[in-house]
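Observations on the model geometry
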Amino acid sequence: MTLDTTTAKGAANRAAPVAASGDGAKRRPPPLLRSASAGRVSGLTLGVVVLWLSLIVLLPLAALTVTSFSDGWSGFWAAVTAPVALAALWTTILVSAVVAVLNVVVGTLIAWVLVRDEFWGKRFVDALIDLPFALPTIVASIVLLSLYGPNSPIGVELNATRWGLIVALAFVTLPFVVRSVQPVLIEVDRDVEQAAASLGASNWTIFRRVVLPTLAPAIISGGGLAFARAIGEYGSVVLIGGNIPRETQVASQYIQQQIEIDRPVNAAAVSVALLAISFATLLILRFFASRGQEREEKAT
Amino acid sequence: MKLSTPSRIALRTIALLYLTVLLAVPIVTILWRTFEPGLATFWASIRTPAAISAFNLSLLIVAITVPINVVFGVVTALALVRGRFPGRRLLSGIVDLPFAVSPIVVGVSLIMLWGVHGWFGGLANLGIQVIFGLPGMVIATIFVTLPFVVREVEPVLHEIGTEQEQAAATLGASRWQTFARITLPAIRWGLTYGIVLTVARALGEFGAVIMVSAGFPGVSQTLTLLVHSRYMDDHNVHGAYSAATLLMFLAIVTLLLMTVLDRKRPAAQSAALPATIAPAPTPDPAEDTPRSAA
Amino acid sequence: MTHSRRTVLTALSATVALAMTGCAGGGASDVTGATASAAAGGDTVLNLYAYAVPKVGFDAIIPAFNATAQGTGIEFQPSYGASGDQSRKVASGAEADIVNFSVTPDVTRLVDAGLVEANWADGEHQGIPFGSVVTIVTRQGNPKGIKDWDDLLKPGIEVVTPNPFSSGSAKWNLLAPYAAKSDGGKNPQAGLDYISTLVGDHVKVQPKSGREATETFLQGTGDVLLSYENEALFIESEGDPVSHVTPPTTFKIENPVAVLKGSNNLPAAEAFRDYLYTPAAQKLWAEAGFRPVDEAVAKEFAAKFPAPSKLWTIDDLGGWPAVDKDLFTKDTGTIAVIYDKATS
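Every value quoted in this text rests on a predicted model; they were computed, and no experiment measured them.

Each helix and strand counted, chain A has 14 helices and zero strands in total. Listed by position from the N terminus, the elements making up chain A come as α-α-α-α-α-α-α-α-α-α-α-α-α-α. Per-residue burial for chain A yields a buried fraction of 50% across its 300 residues. Within chain A, contacts between residues separated by at least 24 positions form 74% of all contacts whose residues are at least 6 apart in sequence.

As structure tokens, then:
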């Protein structure tokens, strides 16, 4: 309803921008209107936004960073390079990398099946993919523990092993690759594939030379997001991971432990290290994304 | 690329097997373990005073978080889409920050800021208990859900442009009329989607909240904390399963709403992945001018 | 089109509203605990901060206290967790009326912070209403044949004990073999050597509390769990597949209770504290697996709590102030340094 009428009005008022700006000079509308109508944002609105973001996001992170250096650079370095801290960071990166690779392979495969295959119950399976996003992480942990934990009904006990971590992280990161590859795969122009096939290329060659290059940006971005998510994950590993230092303790668990044993500076320092790793991941992803865009623009 | 039937079926089997082992079987197991002792036992264990107040606390946090996020989220989205000011990209990056921060790190950061030894520790002397109190849990939840409304509303605002609002202004509409009659109806589905995501995350947040909660069952325990404390502190495995199942039902309702709403959103936005999950670089409003002018 | 959109939106808001009112309504009529009475405004609510394992005891004690004349209408909000962590929470402003920690230094922290009167331990039982002994929990039937402290150092034995920087249980667990090996502190080096080998070679996990240590052990980690005797009795009664053996030489655990002087409900908190020492309450503690301090009750339960051939106490080692300073102070205490070296 609204959409229809507004489009009609919009069409009738093509010259509106000019009129509005001329009008605005005469009777200075209040801030929000100017932000809404004149294509500008008032200082007040901007101030509110900046203040809000600072209070909620920036100040806590600033306090964290300052605390992490309260014993100076050497204190920070010592906290991050303490053997158990390093081991926790290493476990986190290693397990997250394995999970990202797993997602890249299986996620692409699932996306392929969901787009190119037809079978009974496909819509249900498609909906199921989003479940890990909707499920609270602690529920994910306990769900996996009920099957792969002690007294496992199938005799597979993965708790307190790195396999347990991998299963938990694979669970919560499942949607990333699937959901970023799926739409690209739907859009893919299948003529090229058919042309290649008629020229006698094998399926493997077609996949490698035609399909994969198209999907690559989506796969990389999905895998990268899965990695970034796995790096900071806490809730889903807290019950199944076992929290064994040097073995299955991940960085977030180490940080929590340092708070519990009253070593806030260590906690803050490792937090900053963890933040740096996820920022680096996201920056690299953004770099890839913008390079891909440039290439696309050049091509067109 | 045409696959032979056997290889197509092979791929399908691998995909379904993976999903079965990872998703379906664990969920069936927990449902079975929850309801095995009978529906009445399940019902009793989610109707204990501690469980009910955990439920109410979770809802209270949602009820505080959502309006705050809606107001500030819409204002932030307006500023990001309509504003042309230096540092806009930086601001946009800050909105995405909560996605990159581990929940535990959120908790630690809040302790460093609001805790008694933190920057704002003086508040405790005035009798305002932030950390280990409800304010801390709300602030933690706002932190982790901050991007959702902004990121879901932003593309819609971008899509609709400003013509209609300008037209309304020309016709003498007040700012609130313009906002209520033009802007709000246009962004409502994006906004609703953002709210659903916010609610889901707020109900499910664990890591950030556990760091700042005092852990009193019945007072400062949300549903997720109840699951953890029943499992860990009470040695009450079935109780933990029951509370988890309750949360799972809430998650499934959210999922259904997401699916329904996804169809309501403008086609351009309705990619399979919500904008919030795969944040795209915010387009520059300058690039947008030709489109709205066209 | 418009119609269907409206329907969805209406349905959505209706569902949300229904959920909200449904829950709130249920809550109001169902809550018998703190929330309802706090809302009614008449009754007293006591915030109890306790260490991780006495929940099973308080679950029996609180209703019994409520049934007494002084206890009528007093509601409790109990919070359980790692002793040191709980104590730090209270010290940094969490609102408590009464605290029950695993070890006395966690109360001393509150005395130093000006939250607890310095004379809190002046009563007949020095502020200790119940206790336990350090015990060794093994897998059911004790397949590795573990009976005494030396057995823990056998090759390949993995020991679960919590982190002494957050847990009180962990301090008791380390003090027990330390006292046994050092002959009550006469030969500290022998004790430290034992601790060093134990922590360095046999302890692989650092759960934050006695409770988490139990859960870690029950989930399959380790061959041996060091714990409170009461915790061992509790998990055995729950039917978990474990056995416990109390070594011939072990350590007396004393768990203090103190009232906060700034409590808004001081009389109620004090009444509850005093109630803990009554024979009725002492019996309940004993039934829950804790060793009572009342001699008559202790005699009655003598069969349940076998006396070890040698039971060291914290006083034998020079008392908590000295032990905490010499052994557990971060960065300088001898055991703290050993633990840190092995685990960081």
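Still more to cover.
Moving on, we come to the overall build of chain B. On a plain count of helices and strands, chain B comes out with 13 helices and zero strands. Here chain B holds 294 residues, and 60% of them are scored as buried. For chain B, long-range pairs separated by at least 24 residues make up 76% of all intrachain contacts whose partners lie at least 6 apart in sequence.

All names here are of chain A. Chain-level pLDDT for chain A is 83 on average; 86% of the residues reach the 70-or-more range. At the low end of the mean pLDDT range in chain A sits helix H1 (residues 2-12), at 31; at the high end sits helix H6 (residues 83-116), at 95. With pLDDT under 50 throughout, residues 1-39 is counted as low confidence; its partners more than four residues away or in other chains account for 63 contacts.

Quick look at the packing of helix H4 (residues 88-100) of chain B against helix H7 (residues 134-160) of chain B now. Residues and elements named next belong to chain B. At their nearest, the axes of H4 and H7 sit 8 Å apart, and the two run at 130 degrees to each other. Comparing their axes, H7 and H4 come out oblique. Handedness of the crossing formed by H4 with H7: left-handed. When H4 is examined against H7, the residues Val-95, Asp-96, Pro-98 and Phe-99 are found in contact with a partner set consisting of Phe-143, Val-144, Leu-146, Pro-147 and Val-150. Here the residues of the contact of H4 with H7 are counted per class, giving eight nonpolar, no polar and one charged.

By convention, interface size is frequently given as the accessible area that disappears when the constituent parts associate. Listed by partner, the interface residues are 17 residues for chain A and 18 residues for chain C. At the level of secondary structure, the elements contributing two or more residues to the side of chain A that touches chain C comprise H6 and helix H13 (251-260) of chain A. Looking at side-chain class alone, the side of chain A that touches chain C contains nine nonpolar, five polar and three charged residues.

Bringing the domain arrangement of chain A into the picture now. The domain boundaries assigned to chain A delineate domain 1 (21-60) and domain 2 (75-299). One C-alpha centre belongs to domain 1 of chain A, the other to domain 2 of chain A, and the line joining them spans 39 Å.

Taken together, the contacts link 94 residues of chain A with 88 residues of chain B. At 15 residues, the largest contribution of residues to the side of chain A that touches chain B is made by helix H4 (residues 43-68) of chain A. Classifying every residue of the side of chain A that touches chain B gives 65 nonpolar, 21 polar and eight charged.

A few words now on the nonpolar core. Residues Ile142(A), Val108(B), Val227(B) and Ala244(B) are the most contacted members of the largest nonpolar core, which totals 272 residues. Those residues in contact with Val108(B) that lie beyond four places of it in its chain are Leu64(A), Ile255(A), Ile259(A), Ala267(A), Ala268(A), Ser271(A) and Met211(B).

Residue and element names in this part refer to chain B. Segmenting chain B into domains produces domain 1 (1-36) and domain 2 (49-286). Spacing between the C-alpha centres of domain 1 and domain 2 amounts to 32 Å. The interface of domain 1 with domain 2 comprises four residues on the first partner and four residues on the second. Residues that form the side of domain 1 that touches domain 2 fall into these classes: two nonpolar, one polar and one charged.

Moving on to the sheet that holds strand S9 (residues 257-259) of chain C. Residues and elements named next belong to chain C. The four strands are arranged S2-S1-S3-S9 in an open sheet whose pairing can be described as mixed. Unpaired on one side and paired on the other, strand S2 (74-81) and S9 mark the two borders of the sheet. Neighbouring strand axes in the sheet, compared pairwise and without regard to direction, differ in orientation by 20 degrees on average. As defined by bridge partners, strand S1 (residues 44-51) adjoins S2 across eight bridges and the pair is classed as parallel. Note on S2: the bridge partner recorded for Ala-50 is Tyr-80. Taken strand by strand, helix H4 (residues 83-91) contacts S1, S2 and strand S3 (98-100), and its axis lies near 140 degrees from that of S1.

Another aspect to go through is the environment of Phe101(C). Residues and elements named next belong to chain C. Looking at the element boundaries, Phe-101 is found in the loop between S3 and helix H5 (104-112). Separated by 20 residues in the primary sequence, Phe-101 and Gly-81 place their C-alpha atoms 9.5 Å from one another. Other than its neighbours up to four places away in sequence, Phe-101 contacts Tyr-51, Ser-83, Gln-86, Ser-87, Asp-106, Val-107, Gly-168, Asn-255 and Pro-256.

In this section: H13(A). Counting buried residues along H13(A), ten of its ten residues qualify, which places the element largely inside the surrounding structure. All of the buried residues along H13(A) are Ala251(A), Ser252(A), Gln253(A), Tyr254(A), Ile255(A), Gln256(A), Gln257(A), Gln258(A), Ile259(A) and Glu260(A). Residues of H13(A) that are buried in the fold lie against H6, helix H12 (203-232) and helix H14 (264-299) of chain A, helix H5 (103-114) and helix H10 (207-212) of chain B together with H4 of chain C.

What follows concerns the pairing of strand S6 (residues 224-228) of chain C. Residue and element names in this part refer to chain C. Across the five residues of S6, five count as buried, placing the element largely inside the fold. Relative to S6, strand S4 (residues 130-139) runs antiparallel, the two being bridged by five bridges. Each residue of the ladder has a partner; that of Thr-135, found in S6, is Ser-227. Sheet analysis places strand S5 (residues 159-160) next to S6, joined by two bridges and oriented parallel. By the bridge assignment for S6, Val-160 is matched with Leu-225.

Definitions and cut-offs
- Residues numbered from 1 in each chain as written.
- Chains lettered and ligands numbered in written order.
- Predicted model: local features only at pLDDT ≥ 70, side-chain atom pairs only at ≥ 80, totals over all residues.
- Helix = DSSP H or I, 4+ residues; strand = E, 2+ residues; numbered from the N terminus.
- Buried ≥ 20, exposed ≤ 12 C-beta atoms within 10 Å, placed from the backbone.
- Contact = placed C-beta atoms within 7 Å.
- pLDDT = per-residue confidence, 0-100.
- Axes fitted to C-alpha atoms, helices over the stretch in contact; angles between N-to-C directions.
- Parallel < 35°, antiparallel > 145°, perpendicular 65-115°, else oblique.
- Left-handed = near helix turned anticlockwise from the far one by under 90°.
- Nonpolar A, V, L, I, M, F, W, Y, C, P; charged D, E, K, R; others polar.
- Domains from an automatic or database assignment.
- Core = buried A, V, L, I, M, F, W, Y, C linked by C-beta atoms within 7 Å.
- Pairing = 2+ DSSP bridges.

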